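Listed here are the chains, written in short residue letters.
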Amino acid sequence: MLMIKQIFVLLLFLLLTVSCTDPSHDSSVQAKVDSEHIGMILVEATGESTTLGTNDASAASNAKPAMKVKFVYDFSLSKSEVTRSEYASLMGNGSAVNSDSANLPQTNVTYYDAVLYANARSVSESHDTAYTYSSATFDSEGNCTNLQGLVFDPSKEAYRLPTESEWMLAAGEGWNTSSAWTNANSEYHSHPVCTIGENDLGLCDMAGNAMEWVNDWLGNLLDTTVTNSVGAPDGGTLGQRVVKGGSYKNDPSNISLYSRGDVYAVTSATKAEYVSFRLAFGSIPSPVWVSGAGVSSSRVSIVASSAQVKSITGTYRAKLAFVNYETGNLAYIDFSNSTLAVTEIVDTLPVFHPDISPDGKRVAFCTKVEGVSGTSEVYVRDLNATGTNLVKLNVASAAIPRWRVVGGDTVIVYVTDAGNNKENAEWKQKSTWQVSFAGGKFGTPVKLFNGSYHGGISEDGSLAVTGARLLRANISGKDTVWYNGEQACNASLSKDSTKRTLFLDFGSETGNAFVGKNYATHERLLFADSTGKLVQSIAAPTKYTFDHSEWSNVKNIAITTVTNTNGAHSAIYLINTADSSLLKVAEGDELWHPCLWVNPLYFGTFNSAIETIDFDLDLDSAGAYFIEGQSYMQETFRLKMEYYWKSLNKIEVIGIGSSRMEQGFVPDIMTTTEAFNMGIMGIDPKRDYSFIISYVLNHSANIKTVILSLDIDGWRAGFDFDKILFQGSPGYIYDTNHNFWASGIPKGFLTAVANSYPPSALALNAYSEKGGLNITTKNWGNAEIENDSIFTAEELALVETYKKKMVDLVILCTQKEIHLVGILFPQAPAYANTGSYGRYGMTRSLATTTIAWFDSLAHAEHYFSLLDENKMGHHDYTDEMAQNMDHLNYKGAVQLTTRLDSLLKTLE
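Values in this document were obtained by computation on a predicted structure and should not be read as measured data.

Participant: Sorry if this is basic, but what is going on with the overall build of the protein here?
Facilitator: Check the secondary structure of the protein and you find 17 helices and 52 strands. For the protein, whose C-alpha radius of gyration is 31 Å, the value lies close to the compact-globule estimate of 29 Å for 908 residues. Principal axes of the C-alpha set define a box for the protein whose edges measure 100 × 75 × 50 Å. Scored against the burial criterion, the 908 residues of the protein give a buried share of 58%. Sequence separation of at least 24 residues holds for 66% of the intrachain contacts in the protein that already meet a minimum separation of 6. Approximately 35,600 Å² of the protein is accessible, and the part contributed by carbon and sulfur atoms is 51%. Each charge class in the protein can be summarised by its mean position, and for the 67 positive and 98 negative side chains these summaries are 6 Å apart.

Next up, the structure:
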């Protein structure tokens, strides 16, 4: 009987252990102390494998499907998260570290901060650095919020952040959330590192204490096996990063090995008091990038920011299309997206010489390269991720398409053959044509010239050029040869009235004489006026030569590839011919045939066709509500500010508050009034009160009702979202200095807002123009409590402060006869079975008295109403109506909005 009991206890112990560990991971990885790098564990990963993500249907979409990763190299990993003392020793701020905090994990750091620390440790130990960048931006608290031109080089023997694959392999060896600092034992604060045990490799705190930055972008996982994965090549439309593990705030049941993110979007500039990092050391041989386009051993790195591009073009509204010759795909970068990414249109068609349409929405391309004779085809497709609406021009042969606008009609000029033009008789057998393109269809082609003038045709049609051995021109119907008949190529005619031709040569006598010295083939970009006379020359960057040069669609702006000493087209440069400056935009293995499109309405300065501007409006500050490197909260509010100003004269009902308001109120379905949702992530009544007083009440001519989310569980010390939002961007400071335009919005202001630093494509696609969201995820999930339910004395005082501000706000609204409606949004019903009101705490007794106070205020004040949809957790919002433990999805938001609409009708 004793033996049976012992076996039973052993089985029970094993069962409980398995429930807290990773059952799919075989513990075969070996590790030892790295004697050459202090505090590091050498993980012998060669021949091992791990799995990223899961095939669990209930997992988040970004964690599916499961992807196997193999290793053919070893790496070292920090035994613990970087401590505050270690961080201070290299990065400064040592005065903020004392004996009590020295061994706590260094939190409240951005991804960029972690990168700078890795570089600093590499330099301190005389290693090369794994990260390069051109400049750094820091906020008022000293955190790095942007590293311009950041590029990670996996070939360097240097300190760096671990890849997600490395982190997973190491963490999976003895993963156990029951032996980690979580909300089950942490008392809601971090603890000194390595104080609760180690995993099988001797690593501490992988499952808890603090979440951890890893090196990877949050890209797609593929149902395949990859060797030496380094993640996605870029951050896609949102620019999210991967964070791993759990923290002292998380319930053990909610911490999983495969999870790749946090509750909110995590970008490189995100920081939190529960996110830290550890370092890896070592190079990654033959790295592989994984993206929606597939698995690749090459990548394209964007090394210029949207702001740098704007400094030349005058606008963020610009797109760069090019050919990634390594993959054979047409690729593009949209600089109007705050998070820059390379999008490849995956296809089997050969792609050469892309040209973006005048409206920036389509791209034409051909299947044969310049200088090579033979049959070619021309296609047009939408310039989006999948290249929809592909259309072929049905002619015998067509090459080098170029868009034009003739008399209001959009047309494409092409040639029948783009081969060598040296032999006149042979060249005359080729021809230049024009075909209209409207409604997604080609019209009937019309012949323009004998001879293939594929370098372009001027605005007025009086000049056409070509360069494929000889620089030829057609001037008012007459053919001629320029440049003294010397060899030239890559001719491109400007699309403005200057009729300048840029081209490349082979170090000819004519070019040498003009420049005043000898130069090598393609080492100079040459410019000729409308008569063929040389007027300008620009030198290639050191150790490079030019190739595939083209004018953009606007004056003085050109684009070109450069080749390195090995002949690889390794970079794309933007050229400002007005001052001969060059800006490197992208790097890669083989980047061909770039085309730059700039929205002509915004080029350089504001166009009179858009809006007249007041002479004293500061265009660097007006409407600049979001700047490069700022958070997703600031990005989404910038978008809503643009929509808000545009709709100002129509808005009658406006919702203000946290992400509960953002997701829980659907202005688009309001039937009897014009409504708008200004809700945004983060709980901060100061921010919400400030916006209502400064913006809403200053422009209240049509406002009838203000709706405010009452997130009482979050009324405690935490992030100062008011400061982060309103003091972090020049637009809000500019508004403050102009009394929030209470006396009227100046001319040109709306255009300034629209032309300011742009939001990402994801934000643009997520929100309606009334600020509404459509969240489809379903499930309340667990009732996780992220803070101690008992408020401190300071937090209790804060509650009283917010109640007083609420009274002041009611008085101000009453004076303007504006109704104020406070909403208690529903949270998971399971909180009714805890001691907490909601996700962020507040004892249920304190919540009851606080809600009673609001109820009494509603009875005392005619212009204040309370809508309690939470009812202390005893509400009728089902799992089908929830996005997570404290947010509604679209279905739940519709139910709440319908009830709100009914309440507003009674107020009228």
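Participant: Would you explain the packing of aromatic side chains in this entry?
Facilitator: Both the distance between ring centres and the angle between the ring planes are used here to describe each pair of aromatic rings. As enumerated under the stated definition, the model contains 40 aromatic pairs in all. For the ring pair tryptophan 403 and phenylalanine 437, a centre distance of 5.7 Å and an interplane angle of 85 degrees mean the geometry is edge-to-face. Of this pair, tryptophan 403 sits in strand β26 (residues 399-406) while phenylalanine 437 is found in strand β28 (residues 431-438), placing the two residues 34 residues apart along the sequence. Assessed through its relative accessible area of 6%, tryptophan 403 is described here as buried. Residue placement shows arginine 241 over the ring face of tryptophan 217; its charged tip is 3.5 Å from the ring centre.

Participant: Can you help me understand the pattern of salt bridges in this one?
Facilitator: Two side chains of opposite charge can pair, provided their charged atoms sit close to one another. In this structure the tally under the stated criterion is 39 salt bridges. We note a salt bridge from lysine 803 to glutamate 800, for which the minimum N-O separation is 3.3 Å. One end of the pair is lysine 803 and the other is glutamate 800, both in helix α15 (residues 793-815) and three residues apart, which spans about a single turn. For glutamate 800, a relative accessible area of 46% gives the class partly exposed. One network of salt bridges, with partners in common, ties together Lys249, Glu273, Arg660, Asp711, Asp713, Glu786, Arg839 and Asp886.

Participant: Looking at this model, I keep getting lost on the nonpolar core. Mind explaining?
Facilitator: Within soluble globular proteins, side chains that are nonpolar generally end up buried alongside one another. Core analysis: the largest hydrophobic core is formed by 69 residues, its most contacted members being Tyr644, Trp645, Ile654, Phe691 and Tyr695. Top contributing element to this core by residue count: helix α8 (residues 632-646), with eight residues. The residues contacting phenylalanine 691, other than those within four sequence positions of it, are Phe637, Met641, Tyr644, Ile654, Ile656, Met678, Val696 and Phe726. In terms of nonpolar packing, the next biggest core, distinct from the first, is built from 35 residues, Met67, Tyr73, Val214 and Val230 among them.

Participant: Explain the environment of threonine 46 to me, please; I cannot follow it from the model alone.
Facilitator: When you line up the elements, threonine 46 lands in the loop between β2 (40-44) and β3 (49-52). Relative accessible area serves as the criterion here: at 45%, threonine 46 is assigned to the partly exposed category. Placed 28 residues apart in sequence, threonine 46 and aspartate 74 show a C-alpha to C-alpha distance of 5.5 Å. For threonine 46, the contacting residues outside a window of four places in its chain are Phe71, Val72, Tyr73 and Asp74.

Participant: When you look at helix α16 (residues 844-860) in this model, what are you seeing that I'm missing?
Facilitator: Every α-helical turn comprises 3.6 residues, leaving residues that sit three or four positions apart pointing alike. Taking 1.5 Å per residue as the helical rise, α16 with its 17 residues ought to reach 24 Å, and the 24 Å between its terminal C-alpha atoms agrees with that figure. Buried within α16 we find Arg844, Leu846, Ala847, Thr850, Ile851, Phe854, Leu857 and Ala858. Projected onto a plane normal to the axis of α16, the buried residues spread over an arc of 155 degrees and lie on a single side. Turned more than 90 degrees away from the buried face of α16 sit Ser845, His859 and Ala860, all of them exposed. Looking at the buried positions of α16, the neighbouring elements they touch are α15, β47 (819-824), β48 (836-838), β49 (841-843) and β50 (864-868).

Participant: Would you take a moment to explain the state of the cysteines for this structure?
Facilitator: Each disulfide consists of one covalent bond between the sulfur atoms belonging to two cysteines. Here the structure, examined in full by the defined rule, presents one disulfide. Covalently, cysteine 194 is tied to cysteine 204 through a disulfide, its sulfur atoms 2.1 Å apart. Negative torsions about the S-S bond denote left-handed disulfides, and the value of about 100 degrees found for cysteine 194 with cysteine 204 makes this one right-handed. Placement of cysteine 194 in the loop between α4 (164-171) and β11 (211-217) and of cysteine 204 in the loop between α4 and β11 is noted, with a sequence separation of ten residues between them. Its relative accessible area of 31% is what places cysteine 194 among the partly exposed residues. Residue class for cysteine 204 comes out buried when judged on its relative accessible area of 0%. Unpaired in terms of disulfides, cysteine 366 finds its nearest cysteine sulfur in cysteine 595, a separation of 12 Å.

Participant: Got a minute to help me understand the sheet that holds β11 in this structure?
Facilitator: The strands that make up a sheet are held in pairs by hydrogen bonds between backbone atoms, and each pair lies either parallel or antiparallel. Pairing is mixed across the open sheet formed by three strands, whose spatial order is β13-β11-β14. The open sheet has two edge strands with one neighbour each: β13 (241-244) and β14 (275-277). Within this sheet the neighbouring strands show an average axis-to-axis angle of 50 degrees, counted without direction. Across three bridges, the pairing between β11 and β13 is antiparallel. Residue pairing in the sheet places tryptophan 213 in a bridge with valine 243 of β13. Its contacts with the sheet put helix α3 (residues 111-124) on β11, β13 and β14, and the angle it makes with β11 is roughly 85 degrees.

Participant: What's the story with the packing of helix α10 (residues 685-696) against α15 in this structure? I'm lost.
Facilitator: Between two packed helices, both the angle of their axes relative to each other and the distance between the axes serve to describe the pair. Across the interface, α10 lies against α15 with an axial gap of 11 Å and an inter-helix angle of 15 degrees. In terms of their interaxial angle, α10 and α15 are classed as roughly parallel. Handedness of the α10/α15 crossing: left-handed. Between α10 and α15, the residues in contact are Pro685, Lys686, Tyr689, Ile692 and Ile693 and Tyr802, Lys805, Met806, Leu809 and Leu812, respectively. Along the lines of polarity and charge, the residues of the contact of α10 with α15 split into eight nonpolar, no polar and two charged.

Participant: Quick question: what am I supposed to make of the sheet that holds strand β39 (residues 545-551) here?
Facilitator: With respect to topology, five strands assemble into an open sheet ordered β18-β42-β41-β40-β39, the strand pairing being antiparallel. If you trace the sheet from one side to the other, it starts and ends with β18 (301-302) and β39, each paired once. As paired elements, strand β41 (residues 569-576) and strand β42 (residues 581-587) share six bridges and run antiparallel to each other. Among the inter-strand pairings, asparagine 576 is bridged to a residue of β42, identified as serine 581.

Participant: Would you explain helix α5 (residues 306-313) in this entry?
Facilitator: All of the buried residues along α5 are Ser306, Gln308, Val309, Ile312 and Thr313. Across the axial projection of α5, the buried residues extend over an arc of 160 degrees, all falling on one side. Where the residues of α5 are buried, they touch β8 (144-148), β19 (318-324), β40 (557-563), β41, β42 and β43 (591-598). Within two residues after α5, glycine 314 carries a phi angle of roughly 85 degrees, on the positive side.

Participant: Got a minute to help me understand the confidence of the model for the protein in this structure?
Facilitator: Atomic detail in the predicted coordinates should be set aside for any region of low pLDDT. Per-residue pLDDT for the protein has a mean of 91; in total, 95% of the residues score no lower than 70. Counted against residues more than four places away or in other chains, residues 1-26, with its pLDDT under 50, gives 15 contacts. Within the model, pLDDT remains below 50 along residues 605-613, and this stretch shows 20 contacts once partners closer than five positions in the same chain are excluded.

Participant: What's the story with the side chain of asparagine 870 in this structure? I'm lost.
Facilitator: Within the secondary structure, asparagine 870 is located in the loop between β50 and β51 (882-884). Of the polar contacts made by the side chain of asparagine 870, one reaches the side chain of tyrosine 837; its length is 3.3 Å. With sequence-adjacent residues up to four places away left out, asparagine 870 is seen in contact with Leu824, Phe825, Pro826, Gln827, Tyr837 and His875.

Participant: I'm lost on unusual backbone geometry in this one. Help?
Facilitator: Leave glycine aside and you will find that most residues have negative phi; peptide bonds, for their part, are mostly trans. Cis peptide bonds are those with omega within 30 degrees of zero, and the linkage from lysine 64 to proline 65 qualifies with -5 degrees. Assignment of secondary structure puts proline 65 in the loop between β3 and β4 (67-70). Backbone geometry at histidine 353 places phi at a positive 50 degrees, although glycine is not the residue there. Even without a glycine there, the phi angle at asparagine 739 is positive, about 50 degrees. Checked against the element boundaries, asparagine 739 lands in the loop between α12 (730-737) and α13 (749-754). For asparagine 739, a relative accessible area of 48% translates into the label partly exposed.

Participant: What's the story with the packing of α8 against α10 in this structure? I'm lost.
Facilitator: It is at 14 Å that the axes of α8 and α10 come closest, and there the two elements cross at 25 degrees. One element, α8, and the other, α10, form an angle in the roughly parallel class. Of the two elements, α8 crosses α10, and the hand of that crossing is right-handed. Along the contact surface, α8 presents Met633, Phe637, Met641, Tyr644 and Trp645, while α10 presents Arg687, Phe691, Tyr695 and Val696.

Each value, and the rule that gives it
- Residues numbered from 1 in each chain as written.
- Predicted model: local features only at pLDDT ≥ 70, side-chain atom pairs only at ≥ 80, totals over all residues.
- Heavy atoms only, no water.
- Helix = DSSP H or I, 4+ residues; strand = E, 2+ residues; numbered from the N terminus.
- Rg over C-alpha atoms; globule rule 2.2 N^0.38 Å.
- Buried < 20%, exposed > 50% of the residue type's maximum accessible area, 1.4 Å probe, protein only.
- Contact = heavy atoms within 4.5 Å.
- Areas by Shrake-Rupley, 256 points an atom, 1.4 Å probe, with all protein chains shown as cover.
- Lys, Arg positive; Asp, Glu negative; His and termini not counted.
- Charge placed at Lys NZ, Arg CZ, Asp CG, Glu CD.
- Phe/Tyr/Trp six-rings, centres within 6.5 Å; stacked < 30°, edge-to-face > 60°.
- Lys NZ or Arg CZ within 6 Å of the ring centre and 35° of its normal.
- Salt bridge = Lys/Arg side-chain N within 4 Å of Asp/Glu carboxyl O.
- Core = buried A, V, L, I, M, F, W, Y, C linked by side-chain atoms within 4.5 Å.
- Expected span 1.5 Å × (residues − 1).
- Arc of directions from axis to C-beta.
- Disulfide = S-S within 2.5 Å.
- Pairing = 2+ DSSP bridges.
- Axes fitted to C-alpha atoms, helices over the stretch in contact; angles between N-to-C directions.
- Parallel < 35°, antiparallel > 145°, perpendicular 65-115°, else oblique.
- Left-handed = near helix turned anticlockwise from the far one by under 90°.
- Nonpolar A, V, L, I, M, F, W, Y, C, P; charged D, E, K, R; others polar.
- pLDDT = per-residue confidence, 0-100.
- Polar contact = N/O pair within 3.5 Å; in protein donor to acceptor, adjacent residues only side chain to side chain.

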